[in-house]
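Close look at the chain arrangement
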Amino acid sequence: MPSAILIAAVLLGAIVALPATALAYIGPGAGFALVSSFFVLIVAFLLALFTILTLPVRTIYLFFRRRKTRKSTRARRVIVLGFDGMDPDLCRQYMAAGKLPNLKRLGESGTFKNLATTTPSISPVAWSSFSTGVNPGKHGIFDFFTRNPRNYQPVLSSAIISSRTKLFKLGPFKFPRIVNTVKFLRKSTSFWKILGQHKIFSTVLRVPITFPPEKFYGTCLSAMCAPDLRGTQGSFTLLSSAKAQQDSDTKGTIVPLDFQGDNFSSHIPGPTIQQLANDPGLNSSDSHTLTIPVTGKVNRTTKSVSLTVPDGEINLQAGEYSDWVKLTFKIGLGKKVGGIVKFLVTEFEPDLKIYITPINIDPEQPSLPISHPFYYSICLAKLHGSFSTLGLAEDTWALNEGVIDEKAFLEQAYDICASREAAFLDNIRRSKEGLLVSVLDTTDRIQHMFFRYLAADHPANAGKDTETHKDAILDVYERSDRLTGQVLDEIDDRDILFVISDHGFKPFKWGINLNSWLWQQGYLVLKDGIKPGGQWLAGTDWSKTRAYAMGLTGIFVNTEGREKEGIVKPGAERNALLIELQKKMEDILDMERGIKPINRAIIADKALRGPYVREAPDIFPGFRKGYRISWNSAVGKISDAVVEPNTKRWSGDHCLDPDLVPGVIFSNWRIEDDDPAIVDLAPTILNIFGLSKPQFQDGKVLKIDAPAKVSDP
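Please read all numbers here as calculations on a predicted model, not as lab measurements.

Counting residues in hydrophobic clusters, the biggest one holds 60 residues, and the most contacted among them are Tyr355, Ile404, Phe450, Tyr477 and Phe666. It is helix α11 (residues 406-430) that contributes the most residues to this core, 9 residues altogether. Leaving out residues up to four positions away in the same chain, Phe666 has contacts with Cys91, Met95, Leu103, Leu106, Gly107, Thr111, Phe112, Leu497, Phe498 and Val499. Of all hydrophobic cores here, the second largest spans 43 residues; its members include Trp510, Trp542, Ala547 and Ile629.

A complete count under the given rule lists 22 aromatic pairs for this structure. Each ring, one from Phe130 and one from Trp192, has its centre 6.4 Å from the other, and the planes form 50 degrees; the classification is tilted. Within this pair, whereas Phe130 is found in helix α6 (residues 123-132), its partner Trp192 is found in helix α8 (residues 191-197), the two being separated by 62 residues in sequence. Across this residue pair, the class does not change: Phe130 and Trp192 are buried. With a centroid separation of 5.6 Å and 75 degrees between ring planes, the pair formed by Tyr152 and Tyr548 is classed as edge-to-face. One end of the pair, Tyr152, is in the loop between β3 (145-148) and β4 (153-156); the other, Tyr548, is in strand β25 (residues 547-549), and 396 residues separate them in sequence. Look at Tyr152 and you get buried, because its relative accessible area is 3%. Tyr548 gets classed as buried once you look at its relative accessible area, which sits at 0%. Taken together through their ring pairs, the aromatic side chains of Trp127, Phe130, Phe191 and Trp192 make up a single cluster. For Lys199, the ring lying beneath its charged end belongs to Tyr217, and the centroid distance is 5.1 Å.

Below, the discussion takes up the side chain of Thr111. Relative to the helices and strands, Thr111 resides in strand β2 (residues 111-115). A relative accessible area of 3% places Thr111 in the buried class. Looking at Thr111, its side chain comes within polar contact range of the main-chain oxygen of Trp669, at 2.8 Å. Setting aside its immediate chain neighbours within four residues, Thr111 contacts Leu106, Ile665, Phe666, Ser667, Trp669, Arg670 and Ile671.

On to empty space enclosed by the protein. If you walk through the whole model with that rule in mind, you get 6 cavities of 30 Å³ or more. A volume near 140 Å³ is recorded for the largest cavity. Forming the boundary of the largest cavity are Leu205, Arg206, Leu221, Leu380, His384, Gly385, Ser386, Phe387, Ser388, Ser419, Arg420 and Ala423. At the level of secondary structure, the elements contributing two or more residues to the lining of the largest cavity comprise α9 (376-384) and α11. Per element, the largest residue contribution to the lining of the largest cavity is 3 residues, and it comes from α11. The residue inventory of the lining of the largest cavity, partitioned by class, reads 5 nonpolar, 5 polar and 2 charged.

Along the polypeptide, His458 turns up in the loop between α12 (442-450) and α13 (472-490). For His458, a relative accessible area of 3% corresponds to the buried category. Taking the C-alpha atoms as reference points, His458 and Gly652, separated by 194 residues in sequence, lie 9.9 Å from one another. Setting aside residues up to four positions removed in sequence, His458 forms contacts with Arg452, Pro507, Phe508, Lys509, Asn646 and Ser651. A polar contact is formed between the side chain of His458 and the backbone nitrogen of Ala460, at a distance of 3.0 Å.

Sheet architecture is open: 4 strands sit in the order β10-β9-β19-β18, paired in mixed fashion. With partners counted over all chains shown, the strands left at the sheet margins are β10 (253-256) and β18 (343-347), one partner each. Ignoring which end each strand starts from, the neighbouring axes of this sheet average 25 degrees apart. Relative to strand β19 (residues 353-356), strand β9 (residues 237-240) runs antiparallel, the two sharing 4 bridges. The partner of Leu238 across the bridge, within β19, is Tyr355.

Definitions and limits used
- For every chain, the first residue of its written sequence is number 1, and the numbers climb from 1 along that sequence.
- Thresholds applied to this predicted model are a pLDDT of at least 70 for local features of residues and 80 or more for the giving and counting of side-chain atom pairs; totals over whole chains, interfaces and linings are not thresholded and use all residues.
- No hydrogens and no water enter the side-chain calculation; it runs on all heavy atoms of the structure.
- Here the nonpolar core consists of buried residues drawn from Ala, Val, Leu, Ile, Met, Phe, Trp, Tyr and Cys, with membership extended through side-chain atoms lying within 4.5 Å.
- When a residue's accessible area, from a 1.4 Å probe over protein chains only, is under 20% of the maximum for its type it is buried; when over 50% it is exposed; and in between it is partly exposed.
- Labels follow the DSSP assignment, with helices taken as runs of H or I lasting at least four residues and strands as runs of E lasting at least two, numbered in each case from the N terminus.
- Any two residues whose heavy atoms approach within 4.5 Å are treated as being in contact.
- Think of it this way: a Phe, Tyr or Trp ring, Trp meaning its six-membered ring, pairs with another when their centres are within 6.5 Å, and the plane angle makes it stacked under 30 degrees, edge-to-face over 60, tilted otherwise.
- The rule for a charge over a ring is simple: NZ of Lys or CZ of Arg within 6 Å of the ring centre, and within 35 degrees of the ring normal.
- A 3.5 Å cut-off defines polar contacts: any pair of N or O atoms within that distance qualifies, except that in protein one atom must be a possible hydrogen donor and the other a possible acceptor, and neighbouring residues in sequence count only when both atoms are side-chain atoms.
- Points on a 1 Å grid, built from protein atoms alone, make a cavity when a 1.4 Å probe fits but cannot get out and make a pocket when they are open with protein on both sides within 12 Å along at least 5 of 7 lines; residues with an atom within 4 Å of a point are the lining residues.
- Grid points are joined across faces, edges and corners, and a volume is the space filled by probe spheres set on the points.
- For this classification, the nonpolar set comprises Ala, Val, Leu, Ile, Met, Phe, Trp, Tyr, Cys and Pro, the charged set comprises Asp, Glu, Lys and Arg, and every other residue, Gly included, is treated as polar.
- Strands are treated as partners if at least two bridges between them are detected by DSSP.
- In this analysis, axes come from line fits to C-alpha atoms, helices being fitted only over the stretch in contact, and the angle between any two N-to-C directions falls in the range 0 to 180 degrees.

Interpretation note: all reported values are geometric properties and have no functional meaning in isolation.
Structure representation (structure tokens):
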């Protein structure tokens, strides 16, 4: 309730100052259509007014509605602080060295245990099980992306974003109108939605797989899989005076700078727009990418750049990020779409290079529903300033491809982290009851990109500095510990705090190309005359292919009746093939190191249960420490070798045997169970609030004792 009042108050004060945008269709390259911000703001204003006017009546109603629930509630407030990827072994190592005093005292006076992850052990899967209390076979999320069985091409696992034209009648006239659809693909019911049905308010900040946000009694800011303005999961832009050809595999766009003396001009590419039938607001029937012009001047004495975009002028100092800058892309007849970016001059001499972050959806003018209520992101921006809304906001691919360096990546990651910490702590101070969940993914991103520093023999260390950022992972753990200390200062014995992670971390030294192995073994067949090397299984002869791999989690059997061109009959034939593949996968040998990379091959039918197991990869490879599915295999590419060295900055991972990468759970309550799992949190929190575990949930209610008093360090 206090959060609703705050939202209303902020909106009433700020709404008139917000600019408006109009409708536009974003074509296949970007993947969504934009809603009218003007319409959003009008509705937001009316809802805010309604909230204030009906406050007395709703307060009385909620008092009587919740009186029964309060009698069986064990805590005033439950706070869940998630540190994505926090590893229990590293926690123990750093605590023993005296580096994590707050987590150590929390564990000693309450609980510190391993927290079992999911099969497969990957963030979208594990956090979905956290949210719902069910195994992946019931929520249907098995990876970041999967294949479309109708055409074998990659699709996002968690959401479908689409648009269509609908005719609006006004008397004898008909006008085309764009209808936007964002469909949430995760199945089952989140535990905060169940709390809301009992009028227990929840605040859910940046929990992965909450895009688009579901409607419930509370507030939510989406996270993982929320797209950028181009409709991708994060694509950077590099303005460069160097003569470089665009690499087809790059995750960003390189745009040349045209110099005349110290002055230059260029453009920034935005979303792709496609003409809709009979839409008078668009000028062309062809799809095209929107751009905005950019001009600038170099000051070689001060090593600075004065950059001008239609929305204003930005002064850039080499090596320093700009503040958030609004970019507005015009479509025609008053229609426009907007986002926010940051600029960074990464190189001044001999070539000028200006890195531009992915174009984030502007939280003050959301083009898609990135929060619930939809005006919640506007309120957060007004309270705390603009912030990144992209699901995978830290630009790991810009670092992987050498567009930014490690220093710039760390600065970006901690800037994003600071804004999320501020919003989380502000909510702790404002909320007095109910549920507060916040997930910070800085721990995950920094471990992905800096784990090579913890493994001297890592292939990614070849030719790279191994000293400058050797404490990067320790630093992010210490920062997490400081935030934990701040939370402990804000709570008392009426509050329950859970500090959790979805999985742990290990070095990723060697990639296993499952598609190369399947090809060599004759399970995957290419068409006559086709050479291996194409992405997304290009050139595959599906009439002869029995199995293939795509994504980070496993192998699919080309099953008749499931895949469009499936040839393996379901039942006995499919089961026999699965057992055959399982045995052979476990016998794959890394001959150079004398190691079998796959600890165990996990058949989905046996490990998972639920109505959506049929959509999962049929076999999950449970890799040993040091191994993971290779980059080539993930994008459906056959290479020369089965075992490929991982030389990218992305040098740590968790897509291993789930038993080798548990997460952590700390609490100021004592947890008696020896084997807590992330799937147990949902039923346990419902139980704390006096609610019974729903029959559909797979997790158990953890046995927890009354809170222990946490002493000062």
